[in-house]
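# Inside the fold
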Amino acid sequence: MESFKQAPVLVMDDLGVEKTTGWSEEILTQILDERMSYKRPTIITSNMSIRLLQKKYPAGRIKSRIEKMTYPVVMPEASVREIISKKENEKIAMMFLSEVD
């Protein structure tokens, strides 16, 4: 856990998809609290709004720490994976169609 607290930069990807328990919420709170106290850069990604994260972590300490230590960047609602797969599928289809001609 110390490596998460003390890493020069920490990236927490897809926060909120994990199974939440009181123990996991406490661990996450400790990590965020340490990083916030020492102003260590932390990048957090999530498909959940801060309001939904508050429901996911009912003790309420996660929301306040995230709000204090982050700047929210709202990304488009479109699925990046879906967009990429459509482009790749179109490219494959064009390869097949051009071979037929």
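Higher on the page you've got the structure.
So, here is what we can say about the structure in this document. (Residues numbered from 1 in each chain as written. Predicted model: local features only at pLDDT ≥ 70, side-chain atom pairs only at ≥ 80, totals over all residues. Heavy atoms only, no water.)

## So, the environment of E2
Take E2: it is sitting in helix 1 (residues 2-6). Residue class for E2 comes out partly exposed when judged on its relative accessible area of 42%. Spatially, the C-alpha atom of E2 lies 18 Å from that of I44, the residues being 42 residues apart in sequence. (Helix = DSSP H or I, 4+ residues; strand = E, 2+ residues; numbered from the N terminus. Buried < 20%, exposed > 50% of the residue type's maximum accessible area, 1.4 Å probe, protein only.)

## With respect to the packing of helix 2 (residues 22-37) against helix 4 (residues 61-69)
Their axes nearest at 10 Å, the elements helix 2 and helix 4 cross at an angle of 25°. The orientation of helix 2 with respect to helix 4, classified from their angle, is roughly parallel. Remark: the crossing between helix 2 and helix 4 carries left-handed chirality. Only R61, I62, R65, I66, K68 and M69 of helix 4 make contact with helix 2, whose side of the interface consists of E25, E26, L28, T29, L32, D33, R35 and M36. Residue classes in the contact of helix 2 with helix 4 are distributed as six nonpolar, one polar and seven charged. (Axes fitted to C-alpha atoms, helices over the stretch in contact; angles between N-to-C directions. Parallel < 35°, antiparallel > 145°, perpendicular 65-115°, else oblique. Left-handed = near helix turned anticlockwise from the far one by under 90°. Contact = heavy atoms within 4.5 Å. Nonpolar A, V, L, I, M, F, W, Y, C, P; charged D, E, K, R; others polar.)

## A look at the layout of surface pockets
The rolling of a water-molecule-sized probe over the atoms marks out the regions of remaining empty space. Roughly 1,100 Å³ of volume is contained in the largest pocket. For the largest pocket, the lining is made up of 28 residues, of which T45, S46, N47, V73 and M75 are closest to its centre. Size it by volume and the second largest pocket reaches roughly 190 Å³. Of all the secondary structure elements, the ones that give two or more residues to the lining of the second largest pocket are strand 1 (10-12) and helix 2. For the lining of the second largest pocket, the element with the most residues is helix 2, which contributes five residues. Grouping the constituent residues of the lining of the second largest pocket by class yields nine nonpolar, one polar and three charged. (1 Å grid on protein atoms, 1.4 Å probe; cavity = no way out; pocket = protein on both sides within 12 Å on 5 of 7 lines; lining within 4 Å. Points joined across faces, edges and corners; volume = space filled by probe spheres on them.)

## Some details on helix 2
The end-to-end C-alpha distance of helix 2 is 22 Å, a good match for the 22 Å that 16 residues give at a rise of 1.5 Å each. Of all the positions in helix 2, only E25, I27, L28, T29, I31, L32, R35 and M36 are classed as buried. As for helix 2, its buried residues are in contact with helix 1, strand 1, strand 2 (42-44) and helix 4. Directly beyond the C-terminal end of helix 2, a positive phi value near 50° is found at K39. (Expected span 1.5 Å × (residues − 1).)

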